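Residues per chain are reported as follows:
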Amino acid sequence: GQGSGSGRPQPLEPALLRFLVCPLSKRPLRYEEATNELINEELGIAYPIIDGIPNMIPEAARTTQKKPPAEGSKQP
Amino acid sequence: VYQVFESVAKKYDVMNDSMTLGIHRVWKDILMHKMNPSPGTLLLDVAGGTGDIAFRFINYVRSARERQLQRKLKHHQNLSWQEISESYQEDKFKSLGDSQVVVCDINKEMLKVGKQKAQHLGYSEGLSWVLGNAEELPFDDDKFDVYTIAFGIRNVTRIDLALQEAYRVLKPGGRFLCLEFSHVSNPLLSRLYDLYSFQVIPVLGEVIAGDWKSYQYLVESIRRFPPQEELKAMIEDAGFLKVDYQNLNSGIVAIHSGFKL
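Within every chain, residues take consecutive numbers counted from 1 along the sequence as written. Ligands are numbered from 1 and chains lettered from A, in the order in which they are written. In view of the model being predicted, local features appear only for residues whose pLDDT reaches at least 70, and side-chain atom pairs are presented and counted only at 80 or more, with totals across whole chains, interfaces and linings using the full set of residues. Hydrogens are left out, water is left out, and the side-chain values use all remaining heavy atoms of the structure.

Participant: Please provide a residue-by-residue account of the overall build of chain B, values included.
Facilitator: Helix and strand counts for chain B come out as 10 helices and 7 strands. The C-alpha radius of gyration computed for chain B amounts to 20 Å, which stays within 12% of the reference 18 Å derived for 261 residues, consistent with globular compactness. By the burial criterion, 52% of the 261 residues in chain B qualify as buried. Of the roughly 12,500 Å² of accessible surface on chain B, 53% is carried by carbon and sulfur atoms. In this tally, Asp and Glu contribute negative charge and Lys and Arg positive charge; neither His nor the terminal groups of the chain are included. Lys charges are placed at NZ, Arg charges at CZ, Asp charges at CG and Glu charges at CD. Taking the average location of the 31 positive side-chain charges in chain B and that of its 33 negative ones, the two points are 4 Å from each other. A run of DSSP states H or I qualifies as a helix once it reaches four residues; a run of E qualifies as a strand once it reaches two. Both are numbered from the N-terminal end. We compute the radius of gyration from the C-alpha atoms alone; for a globule the expected value is 2.2 Å times N to the 0.38, where N is the number of residues. Buried residues are those whose accessible area, probed at 1.4 Å on protein chains only, stays under 20% of the maximum for their type, while exposed residues exceed 50% and partly exposed ones sit between those limits. Areas reported here follow the Shrake-Rupley algorithm with a probe of radius 1.4 Å; residue values treat only the protein chains shown as occluding.

Participant: Describe in detail the side chain of B:Asn107, supporting the description with residues and values.
Facilitator: Within the secondary structure, B:Asn107 is located in the loop between strand S2 (100-105) and helix H6 (108-121). In protein, a polar contact means a hydrogen-donor-capable atom and an acceptor-capable atom, both N or O and within 3.5 Å, with residues adjacent in sequence counting only if both atoms are side-chain atoms; elsewhere, any N or O pair within 3.5 Å suffices. In terms of polar contacts, B:Asn107 uses its side chain to reach the backbone amide nitrogen of B:Met110, at 3.0 Å.

Participant: Give a description of the sheet that holds S2(B) that names residues and reports values.
Facilitator: Residues and elements named next belong to chain B. Strand pairing is assigned whenever DSSP identifies at least 2 bridges connecting the two strands. The 7 strands lie next to each other as S3-S2-S1-S4-S5-S7-S6, forming an open sheet whose pairing is mixed. Each edge of the open sheet carries a strand with a single partner, namely strand S3 (127-131) and strand S6 (241-248). Neighbouring strand axes in the sheet, compared pairwise and without regard to direction, differ in orientation by 15° on average. Both strand S4 (residues 144-150) and strand S5 (residues 170-181) contribute to a ladder of 6 bridges, which runs parallel. Of the residues in S5, the one forming a bridge with Thr 148 is Leu 177. Contacts: residue pairs with any heavy atoms within 4.5 Å of one another. Under this scheme, a helix contributes an axis fitted over its contacting stretch, all axes are lines through C-alpha atoms, and angles between N-to-C directions fall in the 0 to 180 degree range. Of the strands in this sheet, S2 and S3 are in contact with H6, which crosses S3 at around 165°.

Participant: Please set out the pattern of salt bridges residue by residue, giving values where relevant.
Facilitator: By salt bridge we mean one thing: a side-chain nitrogen of Lys or Arg within 4 Å of a carboxyl oxygen of Asp or Glu. All chains considered together, the criterion is met by 16 salt bridges over all chains. We note a salt bridge from B:Asp52 to B:Lys28, for which the minimum N-O separation is 2.7 Å. Here B:Asp52, found in helix H4 (residues 52-75), pairs with B:Lys28, found in helix H3 (residues 23-35); they are 24 residues apart in sequence, far enough to count as distant. Both residues of the pair, B:Asp52 and B:Lys28, count as buried. As a salt-bridge pair, B:Asp29 and B:Arg56 come within 2.7 Å of each other at their nearest N and O atoms. Taken together, the positions of B:Asp29 in helix H3 and B:Arg56 in helix H4 put the pair 27 residues apart, joining distant regions of the chain. Overall, B:Asp29 belongs to the partly exposed group, its relative accessible area being 35%. Judged by its relative accessible area of 18%, B:Arg56 falls in the buried class. Through salt bridges with shared partners, one network takes in A:Lys26, B:Asp141, B:Glu165 and B:Arg168.

Participant: Describe the interface of chain A and chain B, with residues and values.
Facilitator: Each partner contributes to the interface: chain A provides 19 residues, whereas chain B provides 23 residues. Here's the idea: put two parts together, see how much 1.4 Å probe accessible area each one loses, and the total over both is what we call buried area. Summing both partners gives a buried area of about 1,700 Å² for chain A against chain B, and 63% of it is carried by carbon and sulfur. Ranking the residues of chain A by area buried against chain B places A:Phe19, A:Lys26 and A:Ile53 at the top, with a combined share of 37%. Our count for the chain A to chain B interface comes out at 1 salt bridge. Between B:Glu165 and A:Lys26 there is a salt bridge, with the nearest N and O atoms lying 2.9 Å from each other.

Participant: I'd like a description of the pairing of S6(B), backed by residues and values.
Facilitator: Residues and elements named next belong to chain B. Bridging between S6 and strand S7 (residues 253-259) involves 6 bridges; their strand directions are antiparallel. Directly across from Asn 247, in S7, lies its bridge partner Ala 254. Remark: 4 residues form the turn of the hairpin made by S6 and S7, two consecutive strands paired antiparallel; Asn 249 in that turn has positive phi of roughly 50°.

Participant: Pulling in residues and values, what's your account of H6(B)?
Facilitator: Residues and elements named next belong to chain B. In this model, H6 (14 residues) spans 20 Å end to end at C-alpha, consistent with the 20 Å of a helix rising 1.5 Å per residue. One side-chain oxygen of the residue at the start of H6 lies 2.7 Å from the amide nitrogen of Glu 109, identifying that residue as Asn 107. Looking one or two places after H6, you find Gly 122, whose phi comes out positive at around 85°. By this rule the span expected of a helix is its residue count minus one, scaled by 1.5 Å.

Participant: Pulling in residues and values, what's your account of unusual backbone geometry?
Facilitator: Residues and elements named next belong to chain B. A positive phi is found at Phe 151, a non-glycine position, where the angle reads about 55°. Here Phe 151 lies in the loop between S4 and helix H7 (159-169). Backbone geometry at Asn 249 places phi at a positive 50°, although glycine is not the residue there. Mapping Asn 249 onto the fold places it in the loop between S6 and S7.

Participant: Got a sec to walk through the packing of aromatic side chains? Specific residues and values, please.
Facilitator: Residue and element names in this part refer to chain B. Any Phe, Tyr or Trp ring, taking Trp's six-membered ring, that has another such ring centre within 6.5 Å forms a pair; planes under 30 degrees apart are called stacked, those over 60 apart edge-to-face, and the others tilted. In the structure shown here, the tally under the stated rule is 9 aromatic pairs over all chains. Taking the centre distance of 5.4 Å and the plane angle of 85° together, the rings of Phe 139 and Phe 144 count as edge-to-face. A ring is scored as having a charge over it whenever the NZ atom of a lysine or the CZ atom of an arginine sits within 6 Å of its centre and within 35 degrees of its normal. Seen from the ring of Tyr 193, Arg 223 lies directly overhead, with NZ or CZ sitting 4.8 Å from the centre.

Participant: Run through the nonpolar core, naming residues and quoting values.
Facilitator: B:Leu44, B:Phe139, B:Phe144, B:Tyr147 and B:Phe176 are the most contacted members of the largest nonpolar core, which totals 40 residues. Those elements that place two or more of their residues in this core are strand S3 (45-50) of chain A together with strand S1 (42-46), S2, S4, H7, S5 and helix H10 (228-237) of chain B. The dominant element in this core, judged by the number of residues it contributes, is H7(B), at 5 residues. The contacts of B:Phe144, once residues within four sequence positions are left out, are A:Phe19, B:Leu42, B:Leu43, B:Leu44, B:Val102, B:Phe139, B:Val169, B:Leu170 and B:Lys171. Among buried residues, the Ala, Val, Leu, Ile, Met, Phe, Trp, Tyr and Cys ones that are joined through side-chain atoms within 4.5 Å form a nonpolar core. Core analysis: the next-biggest nonpolar cluster, separate from the first, contains 36 residues, B:Trp129, B:Val146, B:Leu179 and B:Tyr193 among them.

Function cannot be read off these values alone, since they describe shape.
Next comes the structure, spelled out in structure tokens:
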């Protein structure tokens, strides 16, 4: 592969996804490989995974702002 | 509480050995024997940062699994060598027999130390680490066979919430186990224990970890913690049944147990 060496994020233990939910809503999460985060689509928040350890503290989560599509704009 | 544990994390294990003269290892072994997990058990260890309970669990189910396999082989007396070796191969890949332990702690430093220890000691299979709050667990309902919290519950601000969360994530039939410092009723022993706690432990903290204050906090948090009967009542309030406790060393430490039935 074309990894960037020591900067590669550690993968999440796949078994964990069976148990993990959002601590606030207790609803399932989606693993986003691109940003190495666990996303709660409903609440629009993302929990980071650092060194292979998911940080499931609500204060640490970032909001995933979804921009509403502008009228008549081109597709990106 | 967080900052106490940040500075404490790296020297945690050394301090535990010094403060308790190594006896904390015995307490944790007793906890594991009481749990008596069989292969296939799903354990959630909360506030288990440096992995003591998790590693013991893995060792325990591994040997239980080996005994299981040996018994199986004994029953296969009439098989050919070919058949025996094939059945052994299948089971070889599940040396833990699907047992799993998830370690959840609110402190990043404690988890880092735990993960490093796991690497050094060669633990990888069936072990995961999660940064989370005992009062607001990031786990789905009815998932775990056993929930343990060893020397962690006294650091939780809302113990009632932590107990409710414990109840939520356990499967029906699941077991709650809490190992924690408790109250010594014997007056003489209590005096000696106080002396040791307030005179010796913070000094050890200063000498070994360069941190008097954190260990003073530790000793005070032990004194503030509810005694055996009160904790039992709190556990019952969370919905657990058949709640009981076992004193170790005359109540210096107690193991509380309850079931979600």
